[in-house]
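Coordinate inspection notes
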Amino acid sequence: MSNDVNKLLKAKIPCAETGIEVKKTLCDICAPNFHCGIDAYVKDGKVIKVEGTKEHPGSHGLLCPKGASSRQYIYREDRLKTPLKRVGEKGEGKFEPITWEEAYTEITKKFNVIKESDGADAVSFFCGYSKWYRPMLKRLAFSFGSSNYGTESSVCWHASDVAWETMADGFSVPDMARSKVHLGWGLNPYYSNHLGIAGLEGYKNRGGKLIIVDVKKTLAAKKFADIFIQIRPGTDGALALGMAKIIIENDWIDKEYVENHTHGYEAFAEYVKEFDLERVHKITGADKEKVYEAARLFAAEKPASIHQSASPITQHINGLQNYRAMNALLGLTGNYDCPGGNFPLYPFDFVYQMGGFKTKEGEYYDAVRPKQTKPRVGEVTYPLWGKCVDEMQMSDFSRQVLEEDPYPVKALFGQGMNVDMFPDPGKMAEALKKLDFFVAVDLFETPATKLADIVLPACSSFERGECRLYGGGYAAFTKPVIEPLYESKSDVVILQELAQHLVPEDELLCAGYEAFVDYCFDDLSVNVADMKASELPIRVPESKPPVIGGTREHGCHTPSGKFEFDSELIKSIPAEYGLDSLPTYREEFDDIRAGREFILSTGVRLPNAIHSRLHKVPWARSMRPDPMADINDEDAARLGISQGDDICIETIQGSVTVKANISSTVLKGTVHLYHGYEEANANALLPADWTDPYSGYPAYKSIGCNIRKVH
Ligand SMILES: Nc1nc2c(c(=O)[nH]1)N[C@H]1C(S)=C(S)[C@@H](COP(=O)(O)OP(=O)(O)OC[C@H]3O[C@@H](n4cnc5c(=O)[nH]c(N)nc54)[C@H](O)[C@@H]3O)O[C@H]1N2
Ligand SMILES: Nc1nc2c(c(=O)[nH]1)N[C@H]1C(S)=C(S)[C@@H](COP(=O)(O)OP(=O)(O)OC[C@H]3O[C@@H](n4cnc5c(=O)[nH]c(N)nc54)[C@H](O)[C@@H]3O)O[C@H]1N2
Ligand SMILES: [Mo]
């Protein structure tokens, strides 16, 4: 090879001489609202480099540290290679390779035996992170006859939606482009939402005022907050109720909105009287003057909006109520469903994404919905969840399997089922072991695949084609940039082929993924062929901008038709569950600490990690080689802990040892730990029933703990 070609190869220059081609795909490492465009540099069927796609209408060439590590992610050494069948004891991890045909035949046989003996609901279907194939999995569950379909939304994002369902309409988003004041409640896009940074910077450049409420002094707070309120984890409800009291007492409410469009105002106004500034300060740790000033600013300068986070506000014992208390501020000030305020962005058009056009995704699985004869898993324990969400509440899964109450669940088909994402993973592992039959579909060997009877290898977004929407009315259908590695297959191919064995009568499902997408896009002028013909996302002509103000004209989807401070939906839940219809804050903090000195929050976001998946990716791992917990500098000095010392964190459930990261960004008396490490499992610190009774969400982000230096 000539020297020149060598140089070109070294520089990874795509051209005829090097044989390197640039092919377009997307990164699906994190949430579906990102899925940044990727230019994959491919040589001899291997990805040798990735870059962000500059012309991409959603991501504009940006990639975060996770996406930039994609190449190492897809080539992780522990990729599953072939379908496997358990040969040793359950959990022993002994498997032998089998063919796909053998796997499908075995699964079909086992599932049908269980259906025969215990009914179809005894077979459950679950999907973890990566959401793109969910409608096909749901249709498979329904076609088989089981209503026990569930997802990772049992712990993420959906509680925000449930909170809104009890108040007005579904999930609401801020119309930041027109807001004068923005209340960034748990807002730090620098760590968890890199595509949201430009919006925040643009907002500040336009002169918008920003209040940030966070448990940490974040980069967003330091750079941009006009008022920064730092509080203890999970005390958000008390802060919001205190702000509501100030707004009401100063007569800063929007009288027209409150009178004509809300329900339960008197009861709410009466309740918030309990939250004087002194008490709010005591509960939250917040600076009293800042709380007053934030309430004034939020109410006085209209329009104002609130950032609606996916998880940190809801992942507490009182999480859903905290979220509702925060949202009540929008109703009080008339900032709900108006330009510059928050407006309901619902329903999703396609797989948790908005394109501004209606697809037939709901019809796709509704057409085969079984007549539900038994409560879904979790529906009895978490009735509000059961009423609002068409899924199992997985927080109750291990209990139901182990106790067989209210009925036995005997099998699980789990795509991306990660035992370690749930509180008390040991109990979840016990439950998976107890199942008669557990099928795990994953990219990698995980603690869950070790417990399976059959393991199926899935492939990554680089090895498959998939349809996505992007804001502004764009739709895309990617093409594989490399062949599936080893014998792996795309999740949707696995679902299609399994369906051909398990529910051969379901013609549409058996016709596969492209048939599903074409069905969803039936009423639109764009189809799979059009999308596939383009390298980049294309615009769907039917896309329309969201309508703001609809609920002011036609009312909300609540029983009263109004914005409810006092929820009629919650009132309809039997009293024995003890759920409050007002967004109450219960001072359970002293209880949850169980006599311990610190409040532990597990699950801060790190820019280089996502849950369990990037700790084994060298580039990502190199940025934070050890599991660490952030502790306050004064606490550290008092306990004689230095940077990098081993500390043991102990809760009512268990203990883990990690390195101390000493920081003045976290409050005294709080500890913040990242999750997803097998060697220091944050969730082993939480009991399985450490959940919010309203949503069933695990209270990942507040539990009492003690810490000590390990010598
Ligand atoms: N790099 C990276 N990005 C991610 C993820 C990841 O693991 N890594 N995970 C993805 C997933 S699954 C999700 S759900 C989203 C979550 O994304 P978001 O919903 O935006 O949540 P976080 O980024 O976890 O937290 C936002 C801010 O809330 C603060 N916070 C934590 N607890 C509390 C609290 O009790 N009260 C208040 N007021 N603030 C609090 C945190 O300190 C943080 O600054 O991120 C996604 N993006
Ligand atoms: N302590 C603590 N626990 C938490 C959180 C926290 O903040 N603190 N966050 C919670 C939140 S917000 C979330 S969203 C959850 C996320 O929890 P999970 O959904 O469990 O997240 P991951 O660790 O990303 O695991 C997903 C699994 O799916 C596999 N997988 C990835 N892509 C694919 C694919 O395309 N196909 C298939 N078949 N499998 C795939 C992965 O290898 C992995 O085993 O974790 C929750 N758990
Ligand atoms: Mo999440």
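Description of the structure in this document. (Residues numbered from 1 in each chain as written. Chains lettered and ligands numbered in written order. Predicted model: local features only at pLDDT ≥ 70, side-chain atom pairs only at ≥ 80, totals over all residues. Heavy atoms only, no water.)

1. What about the sheet that holds strand β11 (residues 227–230)?
The parallel open sheet is built from 4 strands, whose spatial order is β11-β10-β9-β13. At either end of the open sheet lies a strand with only one pairing partner, and these are β11 and β13 (304–306). Taking each pair of neighbouring strands and ignoring which way they run, the sheet shows an average axis angle of 10 degrees. The sheet contact formed by strand β10 (residues 209–214) and β11 spans 4 bridges and is parallel. Counterpart to isoleucine 212 in the pairing with β11 is phenylalanine 228. Against the sheet, helix α8 (residues 197–205) touches β9 (181–185) and β10, its axis set at about 135 degrees to β10. The strands that helix α15 (residues 319–332) touches are β9 and β13; relative to β13, the one it contacts most, it runs at about 165 degrees. (Pairing = 2+ DSSP bridges. Helix = DSSP H or I, 4+ residues; strand = E, 2+ residues; numbered from the N terminus. Axes fitted to C-alpha atoms, helices over the stretch in contact; angles between N-to-C directions. Contact = heavy atoms within 4.5 Å.)

2. Concerning the packing of aromatic side chains
Overall, the coordinates contain 32 aromatic pairs when judged by the stated rule. Measuring from ring centre to ring centre gives 5.4 Å for tryptophan 132 and tyrosine 513, while their planes differ by 80 degrees; the resulting arrangement is edge-to-face. Residue tryptophan 132 is found in the loop between β6 (123–127) and α5 (134–144), and its partner tyrosine 513 is found in helix α22 (residues 513–520); the two are separated by 381 residues along the sequence. Comparing tryptophan 132 with tyrosine 513 shows no difference in burial state: the two are buried. Considering the side-chain rings of tryptophan 164 and tyrosine 336, the 5.1 Å spacing of their centres and the 20 degrees angle between planes classify their relative orientation as stacked. Here tyrosine 336 lies in the loop between α15 and β14 (342–344) and tryptophan 164 lies in helix α6 (residues 158–165), a separation of 172 residues in the sequence. For tryptophan 164, a relative accessible area of 0% puts it in the buried group. (Phe/Tyr/Trp six-rings, centres within 6.5 Å; stacked < 30°, edge-to-face > 60°. Buried < 20%, exposed > 50% of the residue type's maximum accessible area, 1.4 Å probe, protein only.)

3. A closer look at the site of ligand 2
In the region of ligand 2, 30 residues are neighbours, and Asp442, Arg605, Ser612, Arg613 and Asn683 sit closest. One of the side-chain N or O atoms of arginine 464 is found 3.2 Å from an oxygen atom in ligand 2. Between ligand 2 and the protein, one listed contact pairs an oxygen atom with a side-chain N or O atom of arginine 605 at 2.7 Å. Expressed as a share of its isolated accessible area of 900 Å², the protein-covered part of ligand 2 is 99%. (Near = heavy atom within 4 Å. Polar contact = N/O pair within 3.5 Å; in protein donor to acceptor, adjacent residues only side chain to side chain. Areas by Shrake-Rupley, 256 points an atom, 1.4 Å probe, with all protein chains shown as cover.)

4. What about the pairing of β10?
Walk down a regular strand and you will see the side chains alternate between the two sheet faces. Within β10, 5 of the 6 residues are buried, which leaves the element mostly enclosed by the surrounding structure. By the bridge criterion, 5 bridges tie β9 to β10 in an arrangement that is parallel. Looking at β10, one finds that tryptophan 185 is bridged to valine 213. Taking the sense of rotation as the criterion, the β-α-β connection linking β10, helix α9 (residues 219–224) and β11 turns out right-handed. (Right-handed = clockwise from strand over helix to strand, strands pointing away.)

5. Here we look at helix α13 (residues 277–284)
Among the residues making up α13, those that are buried are Val280, Ile283 and Thr284. Each buried residue of α13 lies within a common arc of 80 degrees when the element is viewed along its axis, so the set occupies one face. Contact partners of the buried residues in α13: β11 and α10 (236–249). Just past α13, the residue glycine 285 takes up positive phi, approximately 85 degrees. (Arc of directions from axis to C-beta.)

6. Section: the site of ligand 1
In the vicinity of ligand 1, 29 residues are found, and the nearest of them are Ser192, Asp214, Asp236, Leu606 and Ala609. A distance of 2.7 Å is found between a nitrogen atom of ligand 1 and a backbone nitrogen or oxygen belonging to leucine 606. Taking 910 Å² as the accessible area of ligand 1 by itself, protein coverage stands at 93%. At the level of secondary structure, the elements contributing two or more residues to the shell around ligand 1 comprise α7 (189–192) and β10. Of the residues in the shell around ligand 1, the class split is 16 nonpolar, 9 polar and 4 charged. (Nonpolar A, V, L, I, M, F, W, Y, C, P; charged D, E, K, R; others polar.)

7. Thoughts on the pattern of salt bridges
Tallying each qualifying case throughout the model produces 54 salt bridges. As a salt-bridge pair, arginine 586 and aspartate 580 come within 2.9 Å of each other at their nearest N and O atoms. Using a relative accessible area of 37% as the deciding quantity, one classes arginine 586 as partly exposed. The network of salt bridges with shared partners includes Lys138, Asp366, Arg369, Arg376 and Asp390. (Salt bridge = Lys/Arg side-chain N within 4 Å of Asp/Glu carboxyl O.)

8. Quick notes on the packing of α10 against α13
It is the contact of α10 with α13, at a shortest axis distance of 9 Å, that shows an interaxial angle of 165 degrees. Relative to α13, the element α10 lies roughly antiparallel. Between α10 and α13 lies a crossing of left-handed hand. Contacts between α10 and α13 pair Ala238, Leu239, Gly242 and Ile246 from the former with Leu277, Val280, Ile283 and Thr284 from the latter. (Parallel < 35°, antiparallel > 145°, perpendicular 65-115°, else oblique. Left-handed = near helix turned anticlockwise from the far one by under 90°.)

9. Here's the deal with the side chain of aspartate 39
Mapped onto the elements of the fold, aspartate 39 is located in strand β2 (residues 37–43). What makes aspartate 39 buried here is its relative accessible area of 9%. A polar contact is formed between the side chain of aspartate 39 and the side chain of lysine 24, at a distance of 2.9 Å. At 2.8 Å, the side chain of aspartate 39 forms a polar contact with the side chain of threonine 53. In this structure aspartate 39 touches Val22, Lys23, Lys24, Lys49, Val50, Glu51, Gly52 and Thr53, once residues within four positions along its chain are discounted.

10. Examining the sheet that holds strand β23 (residues 628–632)
Strand pairs in the sheet, formed through backbone hydrogen bonds, run parallel or antiparallel to each other. If you walk around this closed barrel you meet the 6 strands as β22-β26-β23-β25-β24-β27, and the pairing is mixed. Strand after strand, the sheet turns through a mean of 45 degrees between neighbouring axes, direction not considered. For strand β22 (residues 598–602) and strand β26 (residues 670–673), the ladder comprises 4 bridges, and the chain directions are parallel. Residue pairing across strands places isoleucine 599 opposite threonine 670, the latter belonging to β26.

11. Considerations on the nonpolar core
Ranked by size, the top nonpolar core spans 131 residues in total, and within it Trp185, Leu329, Leu384, Phe397, Phe438 and Ile649 carry the most contacts. Broken down by element, this core gets its largest block of residues, 9 residues, from α10. Setting aside anything within four residues of it in sequence, one finds phenylalanine 438 in contact with Lys90, Leu412, Gly414, Met417, Leu432, Ala448, Leu451, Ala452, Asp453 and Ile454. (Core = buried A, V, L, I, M, F, W, Y, C linked by side-chain atoms within 4.5 Å.)

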